[in-house]
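A look at the structure
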Amino acid sequence: MGAMQSGCMNQAAAYDYDVLIIGAGSAGLAALRAVRRHTQRFALIDAGPGGTTCARVGCMPSKLLLEAAHAFHRRHQFEAFGLRGAAQLHADIPAVLQRVRAERDRFVAGVLQTTADLGTRAITGRARILDPHTVEIDGQRRLSTRSLIIATGSTPHVPDEWQVLGPRVLTTDTLFEQTDLPRRMAVLGLGPLGTEMAQALAHLGLEVTAFHTNHHLAGLADPKVNAALEQSLSGSMHLQLGRMPQLKAFDARAITVGAGDFSTQVDAVLAATGRRPSVCGLGLENLGVALDDRGLPDVDPHTLQLEQLSVFWAGDINPDRALLHEAADEGEIAGSNAVADHPRAYARRTPLAITFTEPSVASIGLPYDPHWTDEVAIGGVDFANQGRARTGLRNQGALRLYAKANGGELLGAQLCAPAGEHLAHLIAWAIARRSTVAELLDMPFYHPVIEEGLRTALRDLQAHVHEPRDTPGPHYCRQNSLDCLD
Ligand SMILES: Cc1cc2nc3c(=O)[nH]c(=O)nc-3n(C[C@H](O)[C@H](O)[C@H](O)COP(=O)(O)OP(=O)(O)OC[C@H]3O[C@@H](n4cnc5c(N)ncnc54)[C@H](O)[C@@H]3O)c2cc1C
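Just so you know, these numbers come straight off a predicted model, no measurement behind them.

Quick notes on the rules
Residue numbers here run from 1 along each chain, matching the order of that chain's written sequence. Predicted model: local features are reported for residues with pLDDT of at least 70 only, side-chain atom pairs are reported and counted for 80 or more only, and whole-chain, interface and lining totals are derived from all residues. Note that the side-chain values use all heavy atoms of the structure and ignore hydrogens as well as water. Secondary structure counts use DSSP, requiring at least four H or I residues in a row for a helix and at least two E residues in a row for a strand, with both numbered from the N terminus. To get the radius of gyration, use the C-alpha atoms; to get the globule rule, take the number of residues to the power 0.38 and multiply by 2.2 Å. Residue contacts follow a heavy-atom distance rule, with two residues in contact if any of their heavy atoms lie within 4.5 Å. Residue exposure ignores everything except the shown protein chains as possible cover, and the areas themselves are Shrake-Rupley values with a 1.4 Å probe. Positive: Lys, Arg. Negative: Asp, Glu. His and the chain ends are not part of the count. A single reference atom marks each charge: NZ on Lys, CZ on Arg, CG on Asp, CD on Glu. By convention in these notes, a salt bridge is any Lys or Arg side-chain nitrogen within 4 Å of a carboxyl oxygen on Asp or Glu. Between buried and exposed lies partly exposed: a residue is buried under 20% and exposed over 50% of the maximum accessible area for its type, with that area taken using a 1.4 Å probe on protein chains only. Any residue with a non-hydrogen atom lying within 4 Å of a molecule or strand is treated as near it. By the criterion applied in these results, polar contacts are pairs of N or O atoms within 3.5 Å in which, for protein atoms, one can donate a hydrogen and the other can accept it, and in which residues neighboring in sequence qualify only through two side-chain atoms. Between any two strands, at least two bridges found by DSSP are needed for them to pair. For helices, the fitted axis covers only the stretch in contact; all axes are lines through C-alpha atoms, and the angles between them, taken along N-to-C directions, range from 0 to 180 degrees. Here, nonpolar core means buried Ala, Val, Leu, Ile, Met, Phe, Trp, Tyr and Cys residues that are tied together by side-chain atoms lying within 4.5 Å of each other. Take the number of residues in a helix, subtract one, and multiply by 1.5 Å to get its expected span. Directions from the helix axis toward the C-beta atoms define the arc. Crossing handedness is defined as follows: a turn of the near helix away from the far one that is anticlockwise and smaller than a right angle gives a left-handed crossing, while the clockwise case is right-handed. For this classification, Asp, Glu, Lys and Arg are treated as charged, while Ala, Val, Leu, Ile, Met, Phe, Trp, Tyr, Cys and Pro are nonpolar and the rest, including Gly, are polar.

**Section: the overall build of the chain**
- The secondary structure content of the chain amounts to 15 helices and 22 strands.
- Since a compact globule built from 486 residues should have a radius of gyration of about 23 Å, the 25 Å found for the chain is in line with a globular shape.
- C-alpha extents for the chain along the principal axes are approximately 75 × 70 × 40 Å.
- Sequence separation of at least 24 residues holds for 66% of the intrachain contacts in the chain that already meet a minimum separation of 6.
- Carbon and sulfur atoms form 52% of the exposed surface of the chain, whose accessible area is close to 23,700 Å².
- When the 44 positive and 53 negative side-chain charges of the chain are each reduced to one mean point, those points stand 4 Å apart.

**Considering the pattern of salt bridges**
- Taken as a whole and judged by the stated rule, the model has 21 salt bridges.
- Across the salt bridge formed by Glu136 and Arg142, the nearest N and O atoms sit 3.4 Å from each other.
- Judged by relative accessible area, Glu136 falls into the buried class, the value being 12%.
- A cluster of three or more residues bridged by salt bridges with shared partners is formed by Arg104, Asp105 and Glu177.

**Things to note about the site of the ligand**
- The environment of the ligand is made up of 35 residues, and the closest members are Asp46, Thr53, Lys63, Asp316 and Leu324.
- Residue Ala47 places a main-chain N or O atom 3.0 Å away from a nitrogen atom belonging to the ligand.
- Residue Thr53 places a side-chain N or O atom 2.4 Å away from an oxygen atom belonging to the ligand.
- When the free accessible area of the ligand is taken as 1,000 Å², the share hidden by the protein chains comes to 92%.

**Thoughts on the sheet that holds strand β12 (residues 246-249)**
- In spatial order, the strands read β12-β13-β14; together these three strands make up an open sheet with antiparallel pairing. Both outer strands of the open sheet, β12 and β14 (262-266), are each paired with one neighbouring strand and no more. In this sheet, neighbouring strand axes are inclined to one another by 25 degrees on average, regardless of whether the strands run parallel or antiparallel.
- When β12 meets strand β13 (residues 255-259), the two strands line up antiparallel, connected through four bridges.

**Considerations on the nonpolar core**
- Core analysis: the largest hydrophobic core is formed by 48 residues, its most contacted members being Ile45, Ile149, Ile150 and Trp313.
- In this structure, Trp313 is in contact with Ile150, Val279, Leu284, Leu296, Pro297, Val299, Leu304, Leu306, Asn318 and Ala334, ignoring residues within four places of it in sequence.

**Focus on helix α10 (residues 223-234)**
- Between the first and last C-alpha of α10 there are 16 Å, a value that for twelve residues agrees with the 16 Å anticipated at 1.5 Å per step.
- The complete set of buried residues in α10 reads Val225, Asn226, Ala228, Leu229, Ser232 and Leu233. An end-on view of α10 places all buried positions within 160 degrees of arc, on one side of the element. Structural note: α10 exposes Lys224 and Gln231 on the side pointing more than 90 degrees away from its buried face.
- Buried residues in α10 make contact with α9 (192-203), β11 (238-241), β19 (360-365), β21 (398-404) and β22 (410-417).
- The opening residue of α10 is Asp222, an N-cap whose side-chain oxygen sits 2.9 Å from the backbone nitrogen of Lys224.

**A word on the pairing of strand β18 (residues 352-355)**
- In the sheet, β18 pairs with β19 via four bridges, with the strands oriented antiparallel. Within β19, the residue paired with Ala353 across the bridge is Ser363.
- In sequence, β18 turns back onto β19 through a hairpin of four residues.

**Points about the environment of Gly242**
- With respect to the helices, strands and loops of the structure, Gly242 is situated in the loop between β11 and β12.
- Along the primary structure Gly242 and Gly25 are separated by 217 residues, whereas in three dimensions their C-alpha atoms are 35 Å apart.
- If sequence neighbours within four positions are ignored, Gly242 has contacts with His212, Thr213, Asn214 and His215.

**Some thoughts on the sheet that holds strand β9 (residues 184-188)**
- One open sheet accounts for five strands, arranged β8-β15-β9-β10-β11; its pairing is parallel. Strands at the two margins of the open sheet, each flanked by one partner only, are β8 (169-170) and β11.
- Strand direction decides the pairing type here: β9 and strand β15 (residues 268-271), joined by four bridges, are parallel. Across the sheet, the residue bridging to Val187 is Leu270, located in β15.

**Some details on the packing of helix α4 (residues 59-73) against helix α6 (residues 93-113)**
- Running from N to C, α4 and α6 point in directions that differ by 145 degrees, and their axes come no closer than 9 Å. Note that α4 runs across α6; the crossing there is right-handed. For the pair α4 and α6, the contacting residues are Met60, Pro61, Leu64, Leu65 and Ala68 in the first and Val96, Leu97, Arg99, Val100, Glu103, Arg104 and Phe107 in the second.
- Here the contact of α4 with α6 is composed, by residue class, of nine nonpolar, no polar and three charged.

All we've got here are geometric facts, nothing functional implied.
Laid out in C-alpha cells, this is it:
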C-alpha cells in the first residue's frame, strides 16, 4: 500500500500534488501508471509535442524504415534463388518515407490516447525545478509536490561546428520528416542507432559512407562478432573507421566529409554522434545534490532515488540504460517509490540490447571483456554453414557465448546473426534464469531452425566448461519425473 493511502496523507495535503512527473515519454507514462494506482493527486508535465521519443522519432519510425530497406535489399539475392527481374525494382523513397510517417502517426496517436482522460492533470509546458518540492512551468506557474519524478529523456547531440551547415545535417529527430532523400549520404557515428540508420539508407539504395571514431560497431566488444558485423556492413556501404570525421561545406549543395587522408562529397549527413540527457534548463542545480561533469546526479539504480530526497529519476535521462524496456521499468520503479512510505530497491533485468540490422546484432548479459582470465569459458558458432541460414541465403554472422568455466552458468553473449533478435531473447531468458550450458542443451531444438546454430555454440561452449556431463541427447527417465509421465 502506498503512502498516499496511509501515513503521509497530512504531509501530502500541504502540497498541490502528491506526485509531479516531468516528461510524458515511455518512462514518464510508466511512472504515471504506477502513480495512478495509489493517488489521483498527480500531474504529468510535458514540453511537447508528446507521443514519446520511441513512437515519434525512435524505435518505431526507425524500424519502419529498416523493414522497407531490408525488403528492398533482398532483391540482390533473387538471382541466386532463381528469381528473375530484380533489376527492374526501384525504391520510391518518397513513398517509403510517407509510409514511415503514416504508420508512425498511428503509433503516436495510440500513445496520446493513453493520457486523453487526464484533463487538467496533463500540463503542457517546459518544467524547471526550483527546489525538490517546487516546479515552475514556462517561467510562470509554480506547482508544489510531495514527490517529483524526472523523466525528461535525451536529445541528439550535434557538435556546434557541424550545426552551421544547417538542415543538410540531419539527426534521427529530422530524418523521418524528410519527403525525399538525396543520392549520397554520410552517417557519422556507428553506435546502435547510427548502424541501424546507415544500413537502412544503404539498403534503400543510397550511396552511404559511414564514419566511426573507433572500431567497435553498434557497441560490440567481442572482436569476432564485431568483425562479422563489419564484413556485413561493408557489403552495402563504404566504412571509415578509427578517425574523427570533419565536415565542411563544399558548395551550396554538397558537404565534404573527411577523416585522415580520406575525403568525399555527400549531399546530406546523418549525425548519429550520440544522445545527451535532456537536463538543459531543468534546474537540477536547485535540488541541492552533487552533479557530475555531465550535470547528472548520482542515482541509485535500484530505487532510482536521488540521495534522500523524494525525487526519482527514470528513462533515457540516465544514459547508462537508454532503451525502451529499461525506461518503462524505471518509470514503474520511480512511480512506485514516489508514492511509497519508504522507497524499495528493485532488481534490474538481464541487460539486453538489440540493433536491428541484417544480420541483427545483440549484446546480452555480461559483455565480452578482453581481460577475462580462464574463469570465463567462451564458445561460439559461425553462421556461414548453418543449415537453415543457408536455405534462406542468410548464412552470415557469428555468435559468441560466455559462461562460468566452473559449472557452466551462462553469463553473457554477443551476436551478429540471422534471426539474432530472437536468439538474443532465448539467451537473455536463460541468463535471467541462471541456466547452465548443460541445462540449455537439454532443451528441445527443432530441425531445421536457426536455433540449431545456438545449439552448436552451446556445444562448443560446453567443451570449455569444467563440468562432467553425459553426451547430449535423450536420457533415462528420472523416477516420477514430469517429462516421463506419458
Ligand atoms: C532512432 C532511435 C531508435 C531507437 N530504437 C530503439 C529500439 O529499437 N529499442 C529500444 O529499446 N530503444 C530504442 N530507442 C531508445 C528509446 O526510444 C528510448 O529509450 C525511450 O524512448 C526513452 O524514453 P524516455 O521516457 O526516457 O524519453 P522520451 O520518450 O524522450 O520522453 C521525454 C519527454 O520529456 C519531455 N521533456 C524534456 N524536457 C522537459 C522539460 N524541461 N519540461 C517538460 N517536459 C520535458 C520531452 O518533451 C519528452 O516528451 C531508440 C531511440 C532512437 C532515438
